[in-house]
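Chain and residue survey
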Amino acid sequence: MKNIRSKTGSRIGQSIAMLCLLLCSFSCQTNDSRSGSSLHLSLDQPLQMLDPRTARTLNDCNVLRFLFEGLTKTGKGGGTELALAKSVSVLDNGLRYVFVLHPGKWSNGDSVTAYDFEWSWKSILDPAFPTDLAYQLYPIKNGRSCRMGLTLPEEVGVRALDASTLEVVLEKPIPYFLELVSMTSFLPVNPKLAASNSQWH
């Protein structure tokens, strides 16, 4: 009986010790999160690619959403809402979209502009760019034919009207276009970074 009591007491002591450690750990994590200095993510496999134009795995896409901001995003309720786009005008019976951007900065201090979106999207449609995600941009006017090398990038229906205004013309109206541009392949890439270091991702 003494041995049983001793083991039971030991187990209770261990349980109390574990509970104290858990509470301490929770307290430390809570304090860290309040400071806003770091974010810890648990991933079930290593990251493979952090270029939005080529990333395919769920882990990569989830991390990209922490690192980049698109025109739209999926809201808490599952619906699509504006993100970097301050406003959007749907014109010509859904054939043309005009996005006006919020001010934003890249991590190197450069402004995020409509020109970045135009460059990024057209780079995906370049026949020489190594990605299998180009089909997601085929609803854009001349997107498919550009990827096939039949039309020039200048003929693709994406154009920065100025630094904060992006115009997108579609092949035909689609009711889910705002949802489509929330996908990671539509996130902008900093052209300066991509040009200076081909291995940045």
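Let me begin by describing the structure that accompanies this report. (Residues numbered from 1 in each chain as written. Predicted model: local features only at pLDDT ≥ 70, side-chain atom pairs only at ≥ 80, totals over all residues. Heavy atoms only, no water.)

On to the side chain of Asn-190. With respect to the helices, strands and loops of the structure, Asn-190 is situated in the loop between helix H5 (177-180) and helix H6 (191-196). You can call Asn-190 buried: its relative accessible area is 7%. At 2.9 Å, the side chain of Asn-190 and the backbone nitrogen of Lys-192 are in polar contact. Setting aside chain neighbours within four positions, we find Asn-190 in contact with Trp-106, Asn-108 and Asp-110. (Helix = DSSP H or I, 4+ residues; strand = E, 2+ residues; numbered from the N terminus. Buried < 20%, exposed > 50% of the residue type's maximum accessible area, 1.4 Å probe, protein only. Polar contact = N/O pair within 3.5 Å; in protein donor to acceptor, adjacent residues only side chain to side chain. Contact = heavy atoms within 4.5 Å.)

With that out of the way, let us pick up the side chain of Ser-185. Considering the arrangement of structural elements, one finds Ser-185 in the loop between H5 and H6. With a relative accessible area of 1%, Ser-185 lands in the buried category. Among the polar contacts listed, one links the side chain of Ser-185 to the side chain of Gln-136, at a separation of 2.3 Å. The residues contacting Ser-185, other than those within four sequence positions of it, are Pro-52, Ile-124, Leu-133, Gln-136 and Leu-137.

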